[in-house]
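# Commentary on secondary and tertiary structure
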Amino acid sequence: MKKILLLITLILSTNAFSQQERLSGMGYLDISIPDKYHTFNPYDLGNNPAWLVNDETNSFLKIIPSFSGYDGTYRRYYDAAGENLYKLKFAGLKTLKSGGTFYGETSYEFDFRRSVNRSLRYNTYGGQAFFIADTTAGNFRYMGPLIKFAYSYEPINKLYAGASIKYRILDGLKYIYSRAEVLYREIETNVGLAYKFDENYSLGLNYSYLNDQENIESKSEDLLDVELYEFRGEKYAILKRGGTINQKIKGSGHELSLQFYETSELLETGLAATYRKSNQKVLIPFSLQTQSFNEYEEGYSSFSSASVELKSRYHLTNEITIAMTAGYFRDYVWSKNTAKLKTLWEWEINNFVGGAGLSWKINNNFIAGIEYNYSNINADSSKYIDSRFSKENFGNHFIKAGAEYQILENIFARAGYNMGIIKKDILYGGENISINKITTGLGLYTFSSFTIDIQLEYGFYSGLPNTLKRAVFSGYSTIKLFTF
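We now turn to the structure provided with this report. (Residues numbered from 1 in each chain as written. Predicted model: local features only at pLDDT ≥ 70, side-chain atom pairs only at ≥ 80, totals over all residues. Heavy atoms only, no water.)

Our focus in this paragraph is unusual backbone geometry. A cis amide bond links Tyr177 to the next residue, Ser178, at an omega of 15°. Relative to the helices and strands, Ser178 is located in the loop between β5 (159-174) and β6 (181-196). Despite not being glycine, Ser387 shows a phi value in the positive range, around 55°. Mapped onto the fold, Ser387 is located in the loop between β15 (366-383) and β16 (388-408). (Helix = DSSP H or I, 4+ residues; strand = E, 2+ residues; numbered from the N terminus.)

Written as structure tokens, this is what we have:
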């Protein structure tokens with residue numbers, strides 16, 4: 001029966017659930033709190049499946065219901081007025097001793113977006129110059145499963161190999177005119193190697209292939225033609241009218257990541273360097289006189305990104321840990337009209353980040369930490385088709401604080417606070433944005449066969465102009481079974 005339950009869980013299985021049940025309740029402290037489930041190794045920092053066999057050494061089964069959402073006026077023109085996202089997730093890991101480690105995960109989500117303004121795409125603001133819209137603001141719902149499998153083993157001494165595959169599909173529907181139906185699908189495969197030189201030094205390398213596709217279809221239900229607008233940029237659109245209107249968006253990409261990991265009794269350091277190259281094509285179907293259908297490439301977008309991220313923490317004493325992080329992130333995107341071979345939009349963002357943190361184990365029952373992060377952003381956007389050009393350079397500040405207190409034996413209460421000051425939000429367009437977020441959590445570890453973690457959070461965004469407000473909220477519980 002136990003084997004059958006594990007098999008069902010693995011077959012039903014989303015993205016590898018990041019095991020931060022403890023730290024999320026403590027204000028998402030990222031570097032300063034020592035935690036065996038959140039380290040800087042190639043799996044946690046670089047998403048290298050080869051290191052899974054070292055990252056997880058005990059079998060488990062998790063059941064994770066969760067919800068999240070937002071509401072408010074701080075949003076972009078084509079965004080939803082509010083969103084509620086519900087998920088039920090199962091995750092199982094089985095250690096096979098010399099046979100390696102097998103991991104499976106599944107989830108089903110229901111995403112309800114209230115009053116989506118015109119846009120019919122699952123992700124309107126993806127950085128490309130093309131999107132499709134109707135003339136109404138209406139509710140949208142997306143629903144569907146996500147499945148992931150991963151396997152990691154040690155083929156020869158000190159050399160680890162691993163692979164993972166993820167499949168996600170969502171079915172979307174707009175409840176009012178133009179009654180758009182959306183089918184969104186994404187696939188990601190990931191293969192990796194890692195070598196452990198000795199107990200202190202390790203090196204990892206992994207490669208990922210990504211593929212996604214979105215089909216949008218609007219069909220008249222009252223014998224009248226449906227009208228949609230295919231935008232190129234923000235101002236100019238081509239009107240499409242017909243009984244049925246289709247559009248397909250295909251994307252594919254490659255990612256290469258290199259990780260270095262050092263660990264000792266007092267020091268832990270992780271370094272990850274990643275490069276990604278991908279593209280997206282907007283395809284319009286057209287009919288020939290033979291009544292066969294072909295696809296015409298209307299638009300093409302190219303995406304490239306590179307990043308280097310360093311995280312390190314040092315146990316200064318038995319009670320005090322100091323930590324630091326630094327990184328560089330670059331994104332460059334351009335879009336062109338395929339027939340005209342003309343660039344419509346190109347933009348580049350360079351982001352330098354740095355931070356430091358400190359945690360203090362005040363006594364055996366109480367630990368607290370604080371972290372500060374600064375990011376300097378240099379953004380350059382040239383939207384030729386709209387004659388809009390901008391260059392920005394500014395800095396943002398973010399502070400995180402959190403604590404954990406042991407109420408009784410194996411019962412822990414957690415709380416955290418986040419405060420951010422964003423001079424200019426290049427994604428949403430606001431200025432002088434202030435962020436305030438409160439997190440709480442509870443861990444119950446009194447049972448020999450399972451544990452329970454609960455986390456809740458509430459945040460509030462405000463900025464200039466003063467009408468920009470947004471509330472965000474989320475919560476989840478994790479039931480972790482050790483015998484099944």
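In this section: the side chain of Glu230. The residue Glu230 is located in strand β8 (residues 226-232) in this model. When neighbours within four sequence positions are excluded, Glu230 is seen to be in contact with Phe131, Ile132, Tyr236, Ala237, Ile238, Lys240, Gln247, Ile284 and Glu298. (Contact = heavy atoms within 4.5 Å.)

A few words on the pattern of salt bridges. If the charged atoms of two oppositely charged side chains come close together, the side chains can form a pair. Scanning the model with the defined rule gives 31 salt bridges in all. In this structure, Asp30 and Lys311 form a salt bridge, with 2.5 Å as the shortest nitrogen-oxygen distance. In this pair, Asp30 is assigned in the loop between α2 (21-25) and α3 (42-46) and Lys311 in strand β12 (residues 293-315), connecting sequence segments 281 residues apart. Accessibility assignment for this pair places Asp30 and Lys311 in one class, buried. Put simply, Lys424 and Glu431 hold a salt bridge, and the shortest N to O gap is 3.3 Å. You can call Glu431 partly exposed: its relative accessible area is 39%. (Salt bridge = Lys/Arg side-chain N within 4 Å of Asp/Glu carboxyl O. Buried < 20%, exposed > 50% of the residue type's maximum accessible area, 1.4 Å probe, protein only.)

With that out of the way, let us pick up a nonpolar patch on the surface. Taken together, the side chains of Leu266, Tyr314, Leu316, Ile322, Leu358, Ile370, Tyr372, Tyr374, Ile399, Tyr417, Met419 and Ile438 define a hydrophobic patch exposed on the protein surface, amounting to about 990 Å² of accessible area. Listing elements by their share of the nonpolar patch, those giving two or more residues are β15 and β17 (411-424). Examining the composition of the nonpolar patch, we find that three residues originate from one element, β15, more than from any other. Mapping Tyr372 onto the fold places it in strand β15. Residue classification places Tyr372 among the partly exposed positions, given a relative accessible area of 35%. (Patch = residues over 30% accessible without salt bridge, like charges linked within 9 Å, V, L, I, M, F, W, Y side chains within 5 Å. Areas by Shrake-Rupley, 256 points an atom, 1.4 Å probe, with all protein chains shown as cover.)

Attention shifts here to the pairing of strand β9 (residues 236-242). The side chains of a regular strand alternate between both faces of the sheet. Where β8 meets β9, seven bridges bridge the pair, whose relative direction is antiparallel. Paired with Phe231 across the two strands is Ala237, which belongs to β9. (Pairing = 2+ DSSP bridges.)

Attention now moves to the nonpolar core. Leu120, Phe140, Ile216, Leu228, Ile433 and Tyr461 are the most contacted members of the largest nonpolar core, which totals 37 residues. Sequence-distant contacts of Ile216, that is, excluding residues within four places in its chain, are made with Leu120, Arg121, Ile132, Glu181, Val182, Ile245, Asn246, Gln247 and Ile249. By size, the runner-up hydrophobic cluster in this structure holds 16 residues, among which are Tyr43, Leu93, Tyr103 and Ala150. (Core = buried A, V, L, I, M, F, W, Y, C linked by side-chain atoms within 4.5 Å.)

We now examine empty space enclosed by the protein. Taken as a whole, the largest cavity holds about 30 Å³ of empty space. What lines the largest cavity is Phe130, Phe131, Glu230, Phe231, Gln247, Val282 and Glu298. Contributions of two or more residues to the lining of the largest cavity are made by β4 (130-156) and β8. (1 Å grid on protein atoms, 1.4 Å probe; cavity = no way out; pocket = protein on both sides within 12 Å on 5 of 7 lines; lining within 4 Å. Points joined across faces, edges and corners; volume = space filled by probe spheres on them.)

Our focus in this paragraph is the side chain of Asn190. Inspection of the secondary structure puts Asn190 in strand β6. A relative accessible area of 2% means that Asn190 is categorised as buried. Polar side-chain contacts of Asn190 include one of 3.2 Å to the side chain of Asn206. Beyond its immediate stretch of four places on either side in the chain, Asn190 contacts Asn47, Pro49, Gly162, Ala163, Ser164, Asn206, Tyr207 and Ser208. (Polar contact = N/O pair within 3.5 Å; in protein donor to acceptor, adjacent residues only side chain to side chain.)

Locating Ser152 in the fold gives a position in strand β4. Residues Ser152 and Glu186 lie 34 residues apart in sequence; the distance between their C-alpha atoms is 23 Å. Leaving out residues up to four positions away in the same chain, Ser152 has contacts with Pro49, Ala50, Trp51, Leu52, Val53, Gly100, Thr101, Ala161 and Gly162.

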